[in-house]
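Residues per chain, in single letters:
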Amino acid sequence: MQAQPGRRPSSTIENRRADFPALQQMVNGHPLVYLDSAASSQMPAAVIDTIANYQRQDHANVHRGVHTLSHRATDAYEGARDKIRAFVNAASRSEIVLTSGTTESINLVAQSYCRPLLRAGDSVLISHLEHHSNIVPWQLLCEQTGAVLCVVPIDNAGQLDMQALTTMLDDSVRFIALAHVSNALGSINPVKDIISLARQKDVPVLLDGAQGVPHMAIDVQDLDCDFYAFSGHKMLGPTGVGVLYGREFLLDAMPPYQGGGDMILEVSFSGTTYNELPYKFEAGTPNISGVVGLGAAVDYLQSIGMHEVQRHEQELLAYLMDELQKIPGIRLIGTAAQKASVQSFMLDDIHPHDLGTILDHQGIAIRTGHHCAMPVMQRFGLPGTARASLSLYNNRDDIDRLVAALLQAKQIFS
Amino acid sequence: MTTTINRDNDELRDLYRELILDHARSPRHFGKLHAATHMARGINPLCGDRLQLFLQLDGDQRITEASFEGSGCAISVASASLLTDTIIGMQVPAALEVSSTLTEQLRTGDSGDAESAQLGKLKALFGVHEFPARVKCATLAWHAMNSAIRNSATPATTE
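Each value, and the rule that gives it
Residues numbered from 1 in each chain as written. Chains lettered and ligands numbered in written order. Predicted model: local features only at pLDDT ≥ 70, side-chain atom pairs only at ≥ 80, totals over all residues. Contact = placed C-beta atoms within 7 Å. Helix = DSSP H or I, 4+ residues; strand = E, 2+ residues; numbered from the N terminus. Nonpolar A, V, L, I, M, F, W, Y, C, P; charged D, E, K, R; others polar. Core = buried A, V, L, I, M, F, W, Y, C linked by C-beta atoms within 7 Å. Buried ≥ 20, exposed ≤ 12 C-beta atoms within 10 Å, placed from the backbone. Domains from an automatic or database assignment. Pairing = 2+ DSSP bridges. Axes fitted to C-alpha atoms, helices over the stretch in contact; angles between N-to-C directions.

### What to know about the interface of chain A and chain B
Okay, step 1: On the side of chain B, 17 residues touch chain A, which itself brings 15 residues to the contact.
Okay, step 2: Elements represented by at least two residues in the side of chain A that touches chain B include exactly helix H12 (352-361), strand S16 (367-369) and helix H14 (396-413) of chain A.
Okay, step 3: In terms of residue count, the dominant contributor to the side of chain A that touches chain B is H12(A) (five residues).
Okay, step 4: Grouping the amino acids of the side of chain A that touches chain B by side-chain chemistry returns four nonpolar, ten polar and one charged.

Below, the structure is given as structure tokens:
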């Protein structure tokens, strides 16, 4: 997965930077360097225009009217679902539930799939490197059911302790929920190995793919996971929209998560017949423009190819790590052998928040703080880190600007 | 380009003045105050700054001792350190007055009035106004002081 730090020209992907209007601006007197895509990525004009055109011409409620606009809206919405299905290679469009984001997708599984199954004494396995959105829903579930939350430890590089995981995967484990890629450390977890271990024990696995989908080709059938959750706004799409992939037979057996319009076939006061998949899980008027925008983001990514995205990002990540390590006093946090293009770091004893301000003043956007992964910070004994995350629109100049600004920060704090 | 960088440096140096960096590196009155009569915690959830502020008041509502502990960015630590330096020996109403004048200045950037002339070395914090994302760091200790004086049970937060 780790690319060699080669010098292969990547003209096609380099040209893509011009597709992103937000990247064409000056911030604090400097051309913007955006290194915070793991928090939220920028949108290409193709996505922005698709959303705007939908709002200008095609907006109506979906699955309801017989009029033309309602048809157009429904076609655009359902068309996006088909694109998403193909993008992650789900077997059927019934397996693609459109949600408000990864967080809702995970909560849906916790409440609708796990809650009816779990009994006191059962356990749910997560890991030490999870985002809060893959911790708190399980804590709530455990409070509700009396189940126990078990946390697989990580090593100093930020890699899962596979030996511990194997031991912890005992007969009490009823569910496993794991990040595909750590948002704070970049570690790519060996999810296929874990899923095959879980299969032997007949334990279902959910992958939090919020940081996986933006960086690599995802094939849910090849991964063999039971659920895969991800968000639009980390993969060049808009905020407020996400996806839950679930195996059809599992989704079929699950009760609805929320009640309302669109998730029903027939309602009377003596009872309600739920709609078929995936609509059973899409109560209420959905985020139509968001879903349409996500469809456009999928088109955009596929026009480049996720393998090309990954090659470009891996090459840049190697360059980023090399250049950072040349700075005296730098400490890289997260050095797993398999990593996505995310790098947390500390510089001398400068607080990450101070680094963030100095960098912002140079027009450089990074994330500072706990990255919604406080247990990871506690594991490394840090209040937070500075984190640079790369997307397909970043280049070596961005990294050179980052390094120059970090040297300036050292000067200010010297 | 050189001039741009110099100007940027000037603005940053205005934020990270020598006095601020000095207090951040070697905070004054750092540690628990065992004889404290008032205490409050301050939390800035955005960046993880957390501090605990201790005050010792005598019968005449005079602050005889103050200290803090915790961790945070240079701005929040320096501000807490400057706070303790400033308020020791003050009457409570005077300390609250300083707190509200400083907080107002940081929020509005208005440092022209006569009151701010009383702020002494706290003026080193005025540069923070140009960095709106950092105002909460600078005011954290002051919120904690206000809540310690009110003896509030819930921690002060910047949110």
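### Points about the nonpolar core
Okay, step 1: Core analysis: the largest hydrophobic core is formed by 159 residues, its most contacted members being Val124(A), Leu53(B) and Ala141(B).
Okay, step 2: Counting contributing residues per domain, this core is built from domain 1 (11-31 + 305-413) and domain 2 (48-303) of chain A, each supplying no fewer than three.
Okay, step 3: If we skip the residues at most four places from it in the chain, Ala141(B) touches Gly42(B), Leu51(B), Leu53(B), Phe68(B), Ser76(B), Ser79(B), Ala80(B) and Leu83(B).

### A look at the sheet that holds strand S8 (residues 205-208) of chain A
Residue and element names in this part refer to chain A.
Okay, step 1: The mixed open sheet is built from seven strands, whose spatial order is S4-S10-S9-S8-S7-S5-S6. With partners counted over all chains shown, the strands left at the sheet margins are strand S4 (96-99) and strand S6 (148-152), one partner each. For this sheet, the mean inter-axis angle between neighbouring strands, taken without regard to orientation, is 20 degrees.
Okay, step 2: Sheet topology places S4 next to strand S10 (residues 242-246); four bridges connect them, and they run antiparallel. For Ile96, the partnering residue across the bridge sits in S10 and is Tyr245.
Okay, step 3: Against the sheet, helix H4 (residues 102-114) contacts S4, strand S7 (173-179), S8, strand S9 (227-231) and S10, and its axis sits at roughly 35 degrees relative to S10.

### Thoughts on the environment of Val173(A)
All names here are of chain A.
Okay, step 1: Mapped onto the fold, Val173 is located in strand S7.
Okay, step 2: Between the C-alpha atom of Val173 and that of Glu130, which follows or precedes it by 43 residues, the distance is 18 Å.
Okay, step 3: Once residues within four sequence positions are removed from consideration, Val173 is found in contact with Ser123, Leu125, Lys201 and Val203.

### Considerations on the sheet that holds strand S17 (residues 385-389) of chain A
Residues and elements named next belong to chain A.
Okay, step 1: Reading across the sheet, the four strands line up as S13-S14-S17-S16 and stay open at both edges, with antiparallel pairing between neighbours. Both edges of this open sheet fall to strand S13 (330-333) and S16, since each of them pairs with a single strand only. Each adjacent strand pair in this sheet contributes to an overall mean axis angle of 30 degrees, direction not counted.
Okay, step 2: Bridge count for strand S14 (residues 342-347) against S17 is four bridges, and the pairing is antiparallel. Residue pairing for S17: Val342 is matched across the bridge by Ser389.
Okay, step 3: In the packing of H12 onto the sheet, the strands contacted are S14, S16 and S17, and the crossing angle to S16 comes to about 155 degrees.

Purely geometric numbers; function is a separate question.
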